[in-house]
Amino acid sequence: MDKRLLDILCCPVSKTPVRQLARAELEALNAAIERGEIDTVAGARVQETLGEGLITVDRKVVYRVDDGIPVMLPEEGIGTVQMMDFPATA
C-alpha cells in the first residue's frame, strides 16, 4: 500500500490512525474467519478471508483492503476484541 495514502487514513469512527496488518495478525484473523468466529462491528458474519488489511494503531478495529483499496466503512470494521488469540504484538 502506498505510504502516502497510509499516512492520511484513519478510522472513520474514532479518527485513530491505521497501519498495515502484520503477517501474524492477518494469519490469526483469517484462521478465526475460517472457523466462522468473526463478525463485523455491524454484526454480519465475515465470510471471506483477508488478503490484506489495516488496523487502528490502538489495535481495536481491522479494515479489509480489496484489490489495494481500503474499505473504510464503519459497518465493515472488524473488532479485534472478539478474538481471544489475537497476537499481542505486531
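Since this is a predicted model, take the numbers as computed values, not measurements.

Sorry, what's going on with a nonpolar patch on the surface here?
Judged by side-chain polarity, Met1, Leu5 and Ile8 come together as a nonpolar surface patch covering roughly 260 Å² of accessible area. Note that Met1 resides in the segment before α1 (3-8).

What should I look at first to understand the side chain of Arg64 in this one?
Relative to the helices and strands, Arg64 is located in strand β3 (residues 61-66). In this structure the side chain of Arg64 is engaged in a polar contact, spanning 3.0 Å, whose partner is the backbone oxygen of Glu48. With sequence-adjacent residues up to four places away left out, Arg64 is seen in contact with Val46, Glu48, Thr49, Leu50, Glu52, Gly53, Ile69, Pro70 and Val71.

Mind showing me how you'd approach the side chain of Glu25 here?
Tracing the backbone through its elements, the reader meets Glu25 in helix α2 (residues 23-34). A polar atom in the side chain of Glu25 sits 3.4 Å from the side chain of Arg59.

Please clarify how the environment of Val13 should be interpreted in this entry.
Along the chain, Val13 falls in the loop between α1 and β1 (18-20). For Val13, a relative accessible area of 60% puts it in the exposed group. Counting along the chain gives 11 residues from Val13 to Ala24, while the straight-line C-alpha distance between them is 25 Å.

What counts and what doesn't
Residues numbered from 1 in each chain as written. Predicted model: local features only at pLDDT ≥ 70, side-chain atom pairs only at ≥ 80, totals over all residues. Heavy atoms only, no water. Patch = residues over 30% accessible without salt bridge, like charges linked within 9 Å, V, L, I, M, F, W, Y side chains within 5 Å. Areas by Shrake-Rupley, 256 points an atom, 1.4 Å probe, with all protein chains shown as cover. Salt bridge = Lys/Arg side-chain N within 4 Å of Asp/Glu carboxyl O. Helix = DSSP H or I, 4+ residues; strand = E, 2+ residues; numbered from the N terminus. Polar contact = N/O pair within 3.5 Å; in protein donor to acceptor, adjacent residues only side chain to side chain. Contact = heavy atoms within 4.5 Å. Buried < 20%, exposed > 50% of the residue type's maximum accessible area, 1.4 Å probe, protein only.

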